[in-house]
Amino acid sequence: MCCGIIGVLAIDGGSVAHVIRESLKRLEYRGYDSIGVATKYNGRLYIKKDKGKIDEIHRKLNLDALPGDIGIGHTRWATHGEPSQVNSHPHTDCKNQIAVVHNGIIENFLELRKELIERGHKFKSATDTEVIPHLIESFIEDGYTLEDAVQSTLAKLHGTYAIVVLYSHLKKLICARKESPLILGVGERALYCASDIPAFLPMTNKVLFLNDGDLAILQGGEIQLRRIQSFSSPIQIRKPVLIDWTPEMAQKGGMPHFMLKEIHEQPKAVQNTLRIRTEEIDRLVKLLNEANEIILTAAGTSYHACLYGGYLFAKLAKINSQQIISSEFSEKIGETLTDKSAILAISQSGETSDTLNAINYARNYGAKISAITNVVGSSITRSADYFIYTLAGPEIGVAATKTFLVQITTLALLGLTLAEIRGILNNSEVQDLRQQLFNIPKLIEQVIEKREDSIKVTADLLAHKPNFLFLGRGINTPTAMEGALKLKEISYIHAEAYPAGESKHGPIALIEPDFPVVFIAPQDNTFDRIVGNIMEMKARGARIISVTDSRKIHDLSDHTFWVPKGVPDIFTPLVNIVPLQLFSYYSAVRRNHNPDKPRNLAKSVTVL
Ligand code: G6P
């Protein structure tokens, strides 16, 4: 999901540096904060890497000048360590003989790093990846072959990875994957391994898919496969598959738009975010818990995450908080902040001027500043006392989808810990909820798999409507607001959201026969009241679209977007928003708009 990796072995002995650079360019959508290439020539490694976009770095360093007929490359989306020259991949061992590119997260890197440092290894970067070349080095020093050294190293890692290893003494690439993507390309003149098909598609369309837990050895024109878990004999090589995508389609995983691809990536993005280290959550919780007041602030979709956080903190941890749209922050809060106020700012880009401005305002009063962002090294991380990175990987579509889900996932993790340390829930209650939270990625996957087609049919039917009303209650009021925002921003259909209970105080005046009203209606404690709201709307002829797990609501609805039963009330927004994202997407497509680039909007807004 984040970072792109590539390895190229030229069977015919041609030079590979320019091939790697062009491949990285096609993988840039997977990450673009740093670039690096390593090649091997005459028994030594040559490496060029830096922070920045590939074209800039190529102009500065001339990547194509790297010599050799074998090499690896990486385009980075930082997760550990700021974007910088030293943190860029490839990473090497002490003797610069082993170079590694990696996509994923090594969870136990701190322990491994400590052990290696005690044994005399010298580390250059702040990344989790660097433990890998050092571990391989130590096994090679113990007399292991390269492949056995890589395999023994992988056995020590907890977390996720796709890696490619280059060694100065052998014309051989070793690559392996666990829960991060990696595929092989079989060309006439070269073998490739890469995170994704576009990397090598112009050179070959013969793709060999690796299974989770596979390790591949590329040497000469040959590919050998092993299982990471077993040192026994090689496993049988599968037949390459022929791909008929254009490189542009391939960048979007065969999907027509990044937005759709990113909606489909949500189960994985949430799963990755659930892996945020407990210590990171604990530190932020401590900051919030020690404060006299908590204020969440953000813009756009991230503001809806703040609203979710407000309901969640109150329900789960009995904490009151305020949520303020960042551009209103100073006006709304006035001079009331103190050094006992805690601010939690949420911004996927970490660059939104309104949000940065709110933080700076709060800092003048000595307030403690924390942040949740998806972009490592972004401005918000420099303005905050403490921050957490969500792990969605880069989001290219302008409309936030997966970054919203990971924000509310992070808030759910914070809420659970807050509830526990404040003694509102006991440890076993927290563990039980945590277990159910960890099950959410599977449920999101089910919604996408089972409901996408019928949601598209409904969108096709209703996309000509000029106005929509979105209604929800309680913790799904923010879901209604986010659903309306998505529809408005990419399909240009006017959509308004209200707490359902408020609809009788104004919006109901708009209702005439066939006016579409979307209800977010899970079977929680608001159920009976939302049924009442649906009846009020039906009585005036509204067309009811519902997101629900209830047959009773289904019977009252003209269209139902089914979601799974049994999700704890406080986590239902994580599942309920998904059909609404798909509905917006298909409405935009039906109206012939490009959902990835809505008019007048930008991915990050750096003006006030
Ligand atoms: C822009 C984008 C929105 C986004 C908002 C906040 O308006 O178009 O999709 O929600 O900025 O962005 P942030 O990066 O701070 O979450």
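Colleague: If you had to explain the overall build of the protein chain to someone new, which residues and values would you point to?
Modeller: The helix and strand tally for the protein chain stands at 20 helices and 24 strands. Relative to the 2.2 N^0.38 estimate, which gives 25 Å for 608 residues, the radius of gyration of the protein chain is 25 Å and therefore close to what a compact globule would have. For the protein chain, the spread of C-alpha atoms along the principal axes amounts to about 80 × 55 × 45 Å. Relative to its full complement of 608 residues, the protein chain shows a buried share of 61%.

Colleague: Which residues make up the site of the ligand, and what values do they have?
Modeller: Taken together, Ala-299, Gly-300, Thr-301, Ser-302, Ser-347, Gln-348, Ser-349, Thr-352, Val-398, Ala-602, Lys-603 and Val-605 are the residues near the ligand. Taking Thr-301, its main chain carries an N or O atom lying 3.0 Å from an oxygen atom of the ligand. Interatomic distance of 2.8 Å between a backbone N/O atom of Gln-348 and an oxygen atom of the ligand. Bound to the protein, the ligand loses 91% of the 390 Å² it would expose on its own. The element that contributes the greatest number of residues to the shell around the ligand is helix α10 (residues 300-317), accounting for 3 residues.

Colleague: Before we move on, could you go through the sheet that holds strand β20 (residues 467-472) and cite the residues and values that matter?
Modeller: If you trace the 5 strands from one edge of the open sheet to the other, you get β21-β20-β22-β23-β24, paired in parallel fashion. Only two strands of the sheet have a single neighbouring strand rather than two, namely β21 (494-499) and β24 (559-562). Neighbour-to-neighbour, the strand axes of this sheet turn through a mean angle of 20°, independent of strand direction. Of the strand pairs in this sheet, strand β22 (residues 516-521) and strand β23 (residues 543-548) are connected by 6 bridges, and their pairing is parallel. Each residue of the ladder has a partner; that of Val-517, found in β23, is Ile-544. Where helix α16 (residues 440-462) meets the sheet, it contacts β20, β23 and β24, and its direction lies at approximately 150° from that of β24.

Colleague: Could you give me a rundown of the environment of Arg-540, with the residues and numbers involved?
Modeller: Mapped onto the secondary structure, Arg-540 falls in the loop between α18 (527-539) and β23. Assessed through its relative accessible area of 42%, Arg-540 is described here as partly exposed. Remark: the alpha-carbon pair of Arg-540 and Gly-159, spanning 381 residues in sequence, is separated by 54 Å. For Arg-540, the residues in contact, after removing those within four places along its chain, are Ile-508, Ile-511, Glu-512 and Pro-513. Reaching out from Arg-540, the side chain makes a polar contact with the backbone oxygen of Glu-536 at a distance of 2.8 Å.

Colleague: Explain the pairing of strand β12 (residues 214-219) to me, using residue names and the numbers behind them.
Modeller: Most of β12 sits out of view: 5 of its 6 residues are buried. Bridging between strand β8 (residues 172-178) and β12 involves 5 bridges; their strand directions are antiparallel. Looking across to β12, one finds that Ala-176 is bridged to Leu-215. In the sheet, β12 pairs with strand β13 (residues 222-227) via 6 bridges, with the strands oriented antiparallel. By the bridge assignment for β13, Ile-217 is matched with Gln-224. In textbook terms, the turn of a hairpin is the stretch between consecutive antiparallel strands, and for β12 and β13 this stretch comprises 2 residues, one of which, Gly-220, has a positive phi near 55°.

Colleague: Can you tell me about the pattern of salt bridges, naming the residues and giving the values?
Modeller: In total, this model carries 28 salt bridges according to the counting rule given. Each of Arg-21, Glu-22 and Asp-64 takes part in a single network of salt bridges with overlapping partners.

Colleague: Just give me the short version of the pairing of strand β1 (residues 4-10), but keep the residues and values in it.
Modeller: Burial runs high along β1: 7 of the 7 residues are buried. Side chains Gly-4, Ile-6, Val-8 and Ala-10 of β1 all project onto a buried face; the interleaved residues Ile-5, Gly-7 and Leu-9 project onto the opposite face, where all are buried too. When β1 meets strand β4 (residues 70-76), the two strands line up antiparallel, connected through 6 bridges. Looking across to β4, one finds that Leu-9 is bridged to Ile-70.

Colleague: Account for the packing of α10 against helix α17 (residues 477-491), with residues named and values stated.
Modeller: Remark: α10 packs on α17, axes separated minimally by 9 Å, with the N-to-C direction vectors making an angle of 170°. When the interaxial angle is binned, α10 and α17 end up roughly antiparallel. Along the contact surface, α10 presents Gly-300, Thr-301, His-304, Leu-307, Tyr-308 and Tyr-311, while α17 presents Thr-477, Pro-478, Met-481, Glu-482, Leu-485, Lys-486 and Glu-489. Residues of the contact of α10 with α17, tallied by class, amount to 6 nonpolar, 4 polar and 3 charged.

Colleague: Could you give me a rundown of the packing of helix α14 (residues 402-421) against helix α20 (residues 572-590), with the residues and numbers involved?
Modeller: How two helices pack is summed up by the angle between their axes together with the distance between the axes. Packing of α14 against α20 brings their axes to within 10 Å, and their N-to-C directions diverge by 170°. If you check the angle between α14 and α20, you find them roughly antiparallel. Between α14 and α20, the residues in contact are Phe-404, Leu-405, Ile-408 and Thr-409 and Pro-573, Leu-574, Ile-577 and Val-578, respectively. For the contact of α14 with α20, a count of residues per class yields 7 nonpolar, 1 polar and no charged.

Criteria and thresholds
- Residues numbered from 1 in each chain as written.
- Predicted model: local features only at pLDDT ≥ 70, side-chain atom pairs only at ≥ 80, totals over all residues.
- Heavy atoms only, no water.
- Helix = DSSP H or I, 4+ residues; strand = E, 2+ residues; numbered from the N terminus.
- Rg over C-alpha atoms; globule rule 2.2 N^0.38 Å.
- Buried < 20%, exposed > 50% of the residue type's maximum accessible area, 1.4 Å probe, protein only.
- Near = heavy atom within 4 Å.
- Polar contact = N/O pair within 3.5 Å; in protein donor to acceptor, adjacent residues only side chain to side chain.
- Areas by Shrake-Rupley, 256 points an atom, 1.4 Å probe, with all protein chains shown as cover.
- Pairing = 2+ DSSP bridges.
- Axes fitted to C-alpha atoms, helices over the stretch in contact; angles between N-to-C directions.
- Contact = heavy atoms within 4.5 Å.
- Salt bridge = Lys/Arg side-chain N within 4 Å of Asp/Glu carboxyl O.
- Parallel < 35°, antiparallel > 145°, perpendicular 65-115°, else oblique.
- Nonpolar A, V, L, I, M, F, W, Y, C, P; charged D, E, K, R; others polar.

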